[in-house]
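Survey of secondary and tertiary structure
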Amino acid sequence: MRKTIDLDDIDRKLVGELILNGRAPYSALAPKVGLSQAAVRARVRRLLDDHVVTVSARVDPRSVGLGVFAFMFASVVGSAREVAERVTQIVEAVFVVCLTGKNGLLVEVRCHDNVHLIEVMDRFRTIEGIVDFNSLTALEYRKAGTSGVAAELFGQPVEPRVPLPASADHPLDEIDLSLIRELMADGRITYADLSPRVGLSQAGVRARGQRLLDENIVVIQATSTARALGLAAFSAVRLSVQGPVSAIA
C-alpha cells in the first residue's frame, strides 16, 4: 500500500456503497457517484489494488460448523512476533495480535464445539515461547469489523448487513461451501470465473450465489484496512460490568 492514500468525495461514496453491497454492479454504482461505468470500474479497481478496501464474503460461522469462539491471552518469553508467527500455523486461530502489558498475545480461535476447543488449547500449550495463557469463551458478537468506523470517517450513514445462519432444514452442501470459499477470497469475482472453480454452469453458479445472497446467508461487503482509514493503532478493552449484560452491550 502507498504510504499516503488520497481519497476524494467520489472515492468515499464508492467505499460506502461497497460496504453496503460489495457486489454492486458498475452500472448501479455509476449514477450514484455521477461517473461513467468505465470511470467507476477504474476507481474501484484502484481502491482494491491499493488495499483501501477488501471485498469478500461474510457468513455466520455457525453456517460452516464453527459455533464456539474463544480468546486466548498468552504470556510469552522471547520475541512476541516470532511466537505470533508460530500461533498463525494453527488454522483455528483467525486473529493474532501482539499486545502491550503483561500478556504478549491475544489470539481469537473458532472451533466446532467445546471438545474441539480443548484440543486446540492443548496444541496452543505446546507452542514454543508460550509460558502461560488463559482463555475466555465468547457468547455473542454485537459488532465486529471496521465497516462502522469506515462509514463514520467517510461521513456516510452505513449500517452493514449481518449474515444469518443457514437453516438446519437446508444446510450448506459442498458446492455452497466451495462457492463461499471463492467469494471470501474475492467478493467481486464474476460468475463466469466461478463456474469452473465450483464445477457448475454459469447459470447454476448464478442461481446458487443469488440464493445465498437473497437468504442473507452470505453478505458481500467491503472492509477498509485500518491504515487506509488513517488509524495508526487500535486497542481492545475488557470490562467488568454490573447489571444486564445485553443492555450494556
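Shown above is the structure to which this text applies.
These numbers come from a predicted model, not from an experiment.

With respect to the pattern of salt bridges
- Per the stated rule, a full pass over the model turns up 17 salt bridges.
- Two residues, Arg62 and Asp60, come together in a salt bridge whose shortest N-O distance is 2.7 Å.
- In this structure, Glu92 engages Arg123 in a salt bridge whose closest nitrogen and oxygen atoms are separated by 2.9 Å. A residue pair is termed long-range when its members are at least 10 positions apart, and Glu92 in the loop between helix H4 (80–87) and strand E3 (93–98) and Arg123 in helix H5 (residues 114–125) qualify at 31 residues.

Details of the sheet that holds strand E4 (residues 105–111)
- As summarised here, the arrangement of the four strands in space is E3-E4-E2-E5, forming an open sheet in which the pairing is antiparallel. Whereas interior strands pair on both sides, the edge strands pair on one side only; in this sheet they are E3 and strand E5 (130–138). Within this sheet the neighbouring strands show an average axis-to-axis angle of 20°, counted without direction.
- Judged from the eight bridges that link them, strand E2 (residues 68–76) and E5 form a sheet pairing that is antiparallel. By the bridge assignment for E5, Val76 is matched with Ile130.

Side note on helix H8 (residues 191–198)
- Those residues of H8 that sit buried are Tyr191, Leu194, Ser195 and Val198. Buried residues of H8, seen end-on, are gathered within an arc of 115° and therefore sit on one face of the element.
- Its buried side turned inward, H8 meets helix H7 (174–185) and helix H9 (202–214).
- Of the residues one or two after H8, Gly199 is the one with positive phi, at around 80°.

Overview of the side chain of Ser178
- Tracing the backbone through its elements, the reader meets Ser178 in helix H7.
- Ignoring sequence-local partners within four residues, the contact set of Ser178 consists of Arg197 and Val198.

Rules used throughout
- Residues numbered from 1 in each chain as written.
- Predicted model: local features only at pLDDT ≥ 70, side-chain atom pairs only at ≥ 80, totals over all residues.
- Heavy atoms only, no water.
- Salt bridge = Lys/Arg side-chain N within 4 Å of Asp/Glu carboxyl O.
- Helix = DSSP H or I, 4+ residues; strand = E, 2+ residues; numbered from the N terminus.
- Pairing = 2+ DSSP bridges.
- Axes fitted to C-alpha atoms, helices over the stretch in contact; angles between N-to-C directions.
- Buried < 20%, exposed > 50% of the residue type's maximum accessible area, 1.4 Å probe, protein only.
- Arc of directions from axis to C-beta.
- Contact = heavy atoms within 4.5 Å.

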